[in-house]
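The primary structure of each chain is shown beneath.
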Amino acid sequence: MTRERTSTMAQKPTRQRKDDRLLHPAATAEQIRCDAALGPFDTAVRAMDRKWGVDRLMEIVSPESADKWARAMAGLNESIQNDDPDKTKAWVDVCLRGLKAMDDEAVKSGQPISDPMIWEYQYEGATYGIIEDGRHWPAAYDKRPGLVIFNMREVAVALHERRNGLVDAVKLAFPGAEVTAVRKVKQDMDDVIDFL
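Remember, predicted model here, so these are calculated numbers, not experimental data. (Residues numbered from 1 in each chain as written. Predicted model: local features only at pLDDT ≥ 70, side-chain atom pairs only at ≥ 80, totals over all residues. Heavy atoms only, no water.)

### Quick look at the overall build of the protein chain
The secondary structure content of the protein chain amounts to 7 helices and 3 strands. For the protein chain, the succession of helices and strands along the chain, N to C, is α-α-α-β-β-α-β-α-α-α. Taken over 196 residues, the protein chain has a buried fraction of 29%. Residue pairs in contact within the protein chain that sit at least 24 positions apart in sequence constitute 59% of those at least 6 positions apart. (Helix = DSSP H or I, 4+ residues; strand = E, 2+ residues; numbered from the N terminus. Buried < 20%, exposed > 50% of the residue type's maximum accessible area, 1.4 Å probe, protein only. Contact = heavy atoms within 4.5 Å.)

### A short note on the pattern of salt bridges
For the structure shown, the criterion picks out 10 salt bridges. The salt bridge partner of Asp-103 is Lys-51, with a shortest N-O separation of 2.9 Å. With a gap of 52 residues between them, Asp-103 in helix H3 (residues 85–108) and Lys-51 in helix H1 (residues 29–52) connect regions that are remote in the sequence. Lys-51 sits in the partly exposed class, given a relative accessible area of 28%. The salt bridge partner of Glu-120 is Arg-144, with a shortest N-O separation of 2.6 Å. With Glu-120 in strand E1 (residues 119–123) and Arg-144 in the loop between helix H4 (137–143) and strand E3 (148–151), this pair connects stretches of sequence that are 24 residues apart. The class of Glu-120 is partly exposed, set by a relative accessible area of 41%. Counted as one network, the salt bridges with shared partners bring together Glu-59, Asp-133 and Arg-135. (Salt bridge = Lys/Arg side-chain N within 4 Å of Asp/Glu carboxyl O.)

### Brief notes about the environment of Leu-147
On the secondary structure map, Leu-147 appears in the loop between H4 and E3. Sequence separation between Leu-147 and Ala-126 is 21 residues, and the spatial gap between their C-alpha atoms is 9.6 Å. Setting aside residues up to four positions removed in sequence, Leu-147 forms contacts with Ile-118, Glu-120, Thr-127, Tyr-128, Gly-129 and Tyr-141.

### A look at the packing of aromatic side chains
Tallied over the entire structure, the rule returns 3 aromatic pairs. Between the aromatic rings of Trp-137 and Tyr-141, the centroid separation amounts to 6.3 Å while the plane-to-plane angle is 70°, which identifies the pairing as edge-to-face. On the criterion of helical spacing, the pair formed by Trp-137 and Tyr-141 is a turn pair, its members being 4 residues apart in helix H4. Taking relative accessible area as the criterion, Tyr-141 reaches 26% and is therefore assigned partly exposed. (Phe/Tyr/Trp six-rings, centres within 6.5 Å; stacked < 30°, edge-to-face > 60°.)

Spatial relationships are all this shows, so hold off on functional conclusions.
As structure tokens, this is what we get:
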């Protein structure tokens, strides 16, 4: 990954590089200034996502702190929507103080930082990593750079796509039975003829 995905907690705005004339040729001066003001905010949010997990910080502090954060985010979003660079900068400063306060509160209350267990499995020359909660992907990639990491939801989606009533019946009838290969079932010629 060349660029980290930025969190979306409370619809957090991210810097869009509006100063790039090729990507944003119609950007106004106010929009460019609003976007530039988001730089420190974007960096701080990514740092908190790496430390606590994506979108988790607001969940591990007091309801009062979470409410203050939500109000600050509403102000920041509104200032960006209104293309007001001075208010955007002011709200960025408020949000940076809010992130620090929530971080301090989480540390003081003994909340665990993001340190996901990564289950690794090698299959046919490829190594796969699996974490339980996808919100911990930044810390997982910090621990194991270069490893392709999936979360349990993604594993369930992949298994569901390959779900087969016969496989389910075998797994239920024979506890401990393992899938050792996945093969494409050859389509019956009658199915093709019915389709045509």
